[in-house]
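Here is what each chain is made of, one letter per residue.
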Amino acid sequence: MASNDKFEGWLGLDKDSVKGNMQWGQFEPKKWSEDDVDIEVECCGICGSDLHMLSSGWSQTPYPCVVGHEIVGKAVRVGSNVKDIKTGDRVGVGAQARSCLEADCPECSTGQENYCGRGNVSTYGSVYPGDEGKSYGGYAKHNRTHNRFVVKIPEGLSSTDAAPMLCGGITVFSPLKRNGAGPGKRVGIVGVGGLGHFGVLFARALGADRVVAISRKADKRDDAIKLGADEYIATDDDKDWETKNKRSLDLIISTVSSAKMPLNGYLGLLAVHGTYIQVGAPDGGELPPINAFTIIPNGIKIGGSGIGSPDEIKEMLQLAADKKVKPWIQTRSMKEANDAIVDMADGKARFRYVLEN
């Protein structure tokens, strides 16, 4: 891009921005380095994290903030230290913009940059060390990110399909893959929404023997079956669901972020030595209490998972292209970003909005 091009986007100025009050304006991206890539944004998915950040739901947001971490576009400026990306490439950026990348980092040196404990920088809402500035996301015309966290989009995937995979998709793909969701495994996905629908799609693409979608109400049953689920459990509507499905799953990925979810009931669905992974993150981080006698007699393992590494994102995108994974998206104009985030908060998305420039 030309050196005098402006970075412009939808600015969240305070916690009321989440009510559809973002304002279009200019912002100053992080200070340029020869490790960076500037991207002309073609489209950007809307993630639930965007709403949490706009409202300061997880912690105090360093306003002004431009949210959006499911970015796809064209590389228009590439630093001299960048080897794998060239100007004109179609590329994407997920939820992470940088880690420490030091050779002695236990996480970065083993391909687990998303868990870096030294210098983890989110794609938006983070303050870089020193005088580099802040990170700004993809509800914008341009984005600037370190090349390690910029990935090429493979042929066979449309930009609007690829965008929501960069956070929503990888958030479930990573724990599915790391916990063996393939042939011989029975997998449950809690929540049928932006994250959960990806859980069903990728569990099926990875070859799981049985995929069970789990939600509160029965109204998403048909959608879940169309996505590829073999069965559906409605915890509010299906009588005796805990007893009828006891010890029937090997792995559960929970995308729900509620302190009121029937967590002990979910755990009862796991077979001996089954695994429960939480990816949904509620405001304040509160989850329901766990009864020790739910997990001890079955030898159940409980864990969490956060996004995924750049290498995992590349693997996921290639799998999606090869298996023709098709997310359920609705495109909206970037000009409609305020209306779109209000609709997202109201649960109207089926199942992911993607903003297009």
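Residues numbered from 1 in each chain as written. Predicted model: local features only at pLDDT ≥ 70, side-chain atom pairs only at ≥ 80, totals over all residues. Heavy atoms only, no water.

> Honestly, the overall build of the protein chain in this entry has me stumped. Any pointers?
Looking only at helices and strands, the protein chain has 10 helices and 17 strands in total. For 357 residues, the compact-globule formula gives about 21 Å, and the C-alpha radius of gyration of the protein chain, at 20 Å, lands near that figure. Taken along its principal axes, the extent of the C-alpha atoms in the protein chain is 65 × 45 × 35 Å. Counting the 357 residues in the protein chain, one finds 56% classified as buried. Put simply, 70% of the contacts in the protein chain that link residues at least 6 apart link residues at least 24 apart. About 15000 Å² of surface is accessible on the protein chain, with carbon and sulfur atoms providing 48% of the total. (Helix = DSSP H or I, 4+ residues; strand = E, 2+ residues; numbered from the N terminus. Rg over C-alpha atoms; globule rule 2.2 N^0.38 Å. Buried < 20%, exposed > 50% of the residue type's maximum accessible area, 1.4 Å probe, protein only. Contact = heavy atoms within 4.5 Å. Areas by Shrake-Rupley, 256 points an atom, 1.4 Å probe, with all protein chains shown as cover.)

> Would you mind going over the domain arrangement of the protein chain with me for this structure?
Interface extent is often summarised as the accessible area lost during association of the parts. In terms of domain boundaries, the protein chain breaks down into domain 1 (7-167 + 327-356) and domain 2 (168-304). Here the C-alpha centre of domain 2 lies 28 Å away from the C-alpha centre of domain 1. Summed over both partners, the interface of domain 1 with domain 2 comes to about 1400 Å²; 56% of that surface belongs to carbon and sulfur atoms. Taken together, the links from domain 1 to domain 2 amount to 0 salt bridges. If you look at where domain 1 meets domain 2, you find 10 residue pairs in polar contact (both at pLDDT 80 or more). Here the residues of the side of domain 1 that touches domain 2 sort into 8 nonpolar, 3 polar and 3 charged. (Domains from an automatic or database assignment. Buried area = accessible area lost by both parts, 1.4 Å probe. Salt bridge = Lys/Arg side-chain N within 4 Å of Asp/Glu carboxyl O. Polar contact = N/O pair within 3.5 Å; in protein donor to acceptor, adjacent residues only side chain to side chain. Nonpolar A, V, L, I, M, F, W, Y, C, P; charged D, E, K, R; others polar.)

> Explanation requested: empty space enclosed by the protein in the structure shown.
The gaps of empty space that remain are located by a probe, the size of a water molecule, rolled over the atoms. Scanning all chains against the criterion turns up 2 cavities of 30 Å³ or more. Empty space within the largest cavity amounts to approximately 100 Å³. Contributing to the lining of the largest cavity are 13 residues, with G94, A95, Q96, G308 and I313 lying nearest its centre. The residue inventory of the lining of the largest cavity, partitioned by class, reads 8 nonpolar, 5 polar and no charged. (1 Å grid on protein atoms, 1.4 Å probe; cavity = no way out; pocket = protein on both sides within 12 Å on 5 of 7 lines; lining within 4 Å. Points joined across faces, edges and corners; volume = space filled by probe spheres on them.)

> Would you mind showing me how to read the nonpolar core here?
A general trend in soluble globular proteins is that nonpolar side chains are found buried together. Grouped together as the largest cluster of nonpolar side chains are 46 residues, with contacts concentrated most on M165, L176, F202 and L317. Broken down by element, this core gets its largest block of residues, 7 residues, from helix α4 (residues 194-205). Excluding its chain neighbours within four sequence positions, the residues that come into contact with M165 are L157, I170, F198, F202, M316, L317, A320, V325 and P327. Ranked by size, the runner-up nonpolar core spans 36 residues in total, among them C44, L51, C65 and V82. (Core = buried A, V, L, I, M, F, W, Y, C linked by side-chain atoms within 4.5 Å.)

> I would appreciate a short explanation of the sheet that holds strand β10 (residues 186-190) in the present structure.
Pairing between the strands of a sheet comes from backbone hydrogen bonds, and it takes one of two forms, parallel or antiparallel. In space, the 6 strands of this open sheet follow the order β12-β11-β10-β13-β14-β15, with parallel pairing throughout. What marks the edges here is a single partner per strand, and that holds for β12 (231-234) and β15 (301-304). Taking each pair of neighbouring strands and ignoring which way they run, the sheet shows an average axis angle of 20°. With 5 bridges joining them, β10 and strand β11 (residues 210-215) adopt parallel strand pairing. Along β11, the bridge assignment pairs V187 with V211. Along the sheet, helix α3 (residues 168-178) contacts β10, β13 (249-254) and β14 (270-278); its crossing angle with β13, the most-contacted strand, is approximately 155°. (Pairing = 2+ DSSP bridges. Axes fitted to C-alpha atoms, helices over the stretch in contact; angles between N-to-C directions.)

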